[in-house]
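# Coordinates in review
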Amino acid sequence: MRTVALKIDVDTDRGTRDGVLPLANICRRHHAPATFFFSLGPDHTGRAIRRVFRPGFFSKVARTHVAGNYGWKTLLYGTLLPGPHIGRRHAAIMRRVADLGFETGIHCHDHFTWQDYVHSMSPDQVRHQLDLAASTYHDIFGVPARCAAAPGWQACPASLAAYDTLGLDYASDTRGLGPFLPKIGTATFRTPQIPTDLPTLDERLGLPGRTLEAITAEIVHLASQPGFHVLTAHAELEGLRYAPWFDTLLRAFNQAGIEIVPLHDGLSTELPTVNLIQGEVEGRSGQVAVRAIGTFTRIPA
Ligand SMILES: [Zn+2]
């Protein structure tokens, strides 16, 4: 049986408000389970504007029309405008997603802080970020979070240790093929990782000359290969401008005989212990957490 699991990252106030329910409705139309990972604290996306000044980033921004996809107001949150508290503003939408039967989990407290600083924060600071998110999650859903997926695929020993302390069922912070128990250096962690192996829409849109049809064909082809496949989508893209594309993709999975299964189905097999390292993914700037061995290398362009 060929399968794929859907992981939905929700990064911003606007994505939560306008992108989440349309995405949930597309999944329902295709009887597709999906796990929604919410950003639960302040939207400080504007601070990420600094990234524009890093070498190699601006052309990607231009190509993928970040302002159009995220909105100018979003790009000012945390700089010229105060960042709205996403969890407080949109608790009803988040609960609605759970009521519709979707699994929910923690993306972060503050997306910008985690993505840019998790490697330089102290273990206590990392734990504090996760505790803030876990506490807001509990307030919203009335139960503790069972899973998490870190912003920008950023993981480090402190974040994996914090997951272990929370006792999560699993996390999905990494790139690569196949669930595993992560190891960094001599430290082994208890919380399994269910990595994303398929390329994301924004990574492919960032490459020159890619049509949406070609991106669909590539993802369906990769998901047809053996292994537990995971696709990450973003409420800000696949829930808004690219919602019709996402609908087409789910139809293409169905036509190819690929079943969409819950993300936690990745836990059903015995998990190997594998090193978690820093690596690169085509179409994405900077380094991300990668499953060190297995079939994953750089995803071919
Ligand atoms: Zn994110």
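Check the entry above for the structure.
Each chain carries its own residue numbering, running from 1 in the written order of its sequence. The model is predicted, so local features are restricted to residues of pLDDT at least 70 and side-chain atom pairs to those at 80 or more, both for listing and for counting; the totals for chains, interfaces and linings are taken over all residues. Working from all heavy atoms in the structure, the side-chain values ignore hydrogens and water.

### Some points on the overall build of the protein
Looking only at helices and strands, one finds 12 helices and 11 strands in the protein. Here's how the labels work: a residue is buried when its accessible area is under 20% of the maximum for its type, exposed when over 50%, partly exposed in between, all with a 1.4 Å probe on protein chains only. For the protein, the residues scored as buried account for 57% of the 301 residues in total. Residue pairs in contact within the protein that sit at least 24 positions apart in sequence constitute 75% of those at least 6 positions apart. With residues, only the protein chains shown are counted as cover, and all accessible areas are computed by Shrake-Rupley using a 1.4 Å probe. Of the accessible surface of the protein, which amounts to about 12500 Å², a share of 55% is contributed by carbon and sulfur atoms. Helix and strand labels come from DSSP, where a helix needs a run of H or I of at least four residues and a strand needs a run of E of at least two; each type is numbered from the N terminus. Whether two residues touch is decided by their heavy atoms; if any such pair falls within 4.5 Å, the residues are in contact.

### Overview of helix 8 (residues 123–141)
Note that an α-helix has 3.6 residues per turn; residues three or four places apart therefore point the same way. To estimate the expected span of a helix, count its residues, drop one, and scale the result by 1.5 Å. Here helix 8 contains 19 residues, and its C-alpha end-to-end distance of 27 Å stays within 8% of the 27 Å for a straight helix at 1.5 Å per residue. Those residues of helix 8 that sit buried are Val126, Gln129, Leu130, Ala133, Ala134, Thr136, Tyr137, Ile140 and Phe141. For helix 8, the arc enclosing every buried residue in end-on projection is 165°, short of the 170-degree limit, so these residues lie on one face. Of the exposed residues in helix 8, those oriented more than 90 degrees away from the buried face are Asp124 and Asp139. Contact partners of the buried residues in helix 8: strand 2 (35–39), helix 5 (86–89), helix 6 (91–99), strand 3 (103–108), helix 7 (111–117) and helix 9 (157–166). Among the residues trailing helix 8, Gly142 stands out with phi positive, at a value near 80°. Arc, as used here, means the arc of the directions from the helix axis to the C-beta atoms.

### As for the coordination of the zinc ion
Within the first shell, the zinc ion binds the protein through Asp11 (OD), His107 (NE2) and His111 (NE2), at distances of 2.1 Å. Any nitrogen, oxygen or sulfur atom within 2.8 Å of a metal ion counts as a donor, with the limit raised to 3.2 Å for Na, K and Ca, and since water is left out, coordination shells can look unfinished. Taken in sequence order, the residues that donate to the zinc ion follow the motif D-x95-H-x3-H. Both residues of the pair, His107 and His111, belong to the buried class.

### Description of the sheet that holds strand 10 (residues 273–279)
Spatial ordering of the open sheet is given by 7-6-10-11, a layout of 4 strands whose pairing is mixed. Strands at the two margins of the open sheet, each flanked by one partner only, are strand 7 (187–188) and strand 11 (288–291). Bridging between strand 6 (residues 181–184) and strand 10 involves 3 bridges; their strand directions are parallel. Bridged to Lys183 within strand 10 is Asn275. When DSSP finds two or more bridges between two strands, those strands count as paired.

### Quick notes on the packing of helix 8 against helix 9
Whenever a helix is involved, its axis is fitted only over the stretch in contact; in every case the axis is a line through C-alpha atoms, and angles between N-to-C directions fall within 0 to 180 degrees. Helix 9 packs onto helix 8 with a crossing angle of 45° between their chain directions and a minimal axis gap of 9 Å. The angle between helix 8 and helix 9 falls in the class oblique. By crossing handedness, the relation of helix 8 to helix 9 is classed as right-handed. Residue-level contacts link Pro123, Val126, Arg127, Leu130, Asp131 and Ala134 of helix 8 to Ala158, Ser159, Ala162, Tyr163, Thr165 and Leu166 of helix 9. When describing relative orientation, an angle under 35 degrees is termed roughly parallel and one over 145 degrees roughly antiparallel, while 65 to 115 degrees is termed roughly perpendicular and anything else oblique. The sense of a crossing depends on the near helix, which, turned anticlockwise from the far helix by less than a right angle, makes the crossing left-handed and, turned clockwise, makes it right-handed.

### Some details on the packing of aromatic side chains
Pairing of aromatic rings covers Phe, Tyr and Trp, the last counted by its six-membered ring, and requires centre-to-centre distances within 6.5 Å; plane angles under 30 degrees mean stacked, over 60 mean edge-to-face, and any other angle means tilted. Summed over the entire model, instances satisfying the criterion amount to 5 aromatic pairs. On the numbers, 6.4 Å between centres and 20° between planes, the contact of Phe36 with Phe38 is stacked. A single burial state applies to Phe36 and to Phe38, both of which are buried. Ring centres of Phe38 and Phe141 lie 6.3 Å apart, and the angle between their planes is 25°; on these two criteria the pair is classed as stacked. You can see Phe38 sitting in strand 2 and its partner Phe141 sitting in helix 8, a full 103 residues away along the chain. Aromatic ring contacts, followed pair by pair, group Phe36, Phe38, Phe102, Tyr137 and Phe141 into a single cluster. Geometrically, a charge over a ring is one whose NZ (Lys) or CZ (Arg) sits within 6 Å of the ring centre while staying within 35 degrees of the ring normal. If you follow Arg175 out to its NZ or CZ, it ends over the ring of Trp153, 4.4 Å from the centre.

### Observations regarding unusual backbone geometry
Backbone geometry places His31, a non-glycine residue, at a positive phi of 55°. With respect to the helices, strands and loops of the structure, His31 is situated in the loop between helix 1 (13–29) and strand 2. Even without being a glycine, Trp153 presents a positive backbone phi close to 55°. Structurally, the position occupied by Trp153 is in the loop between strand 4 (147–148) and helix 9.

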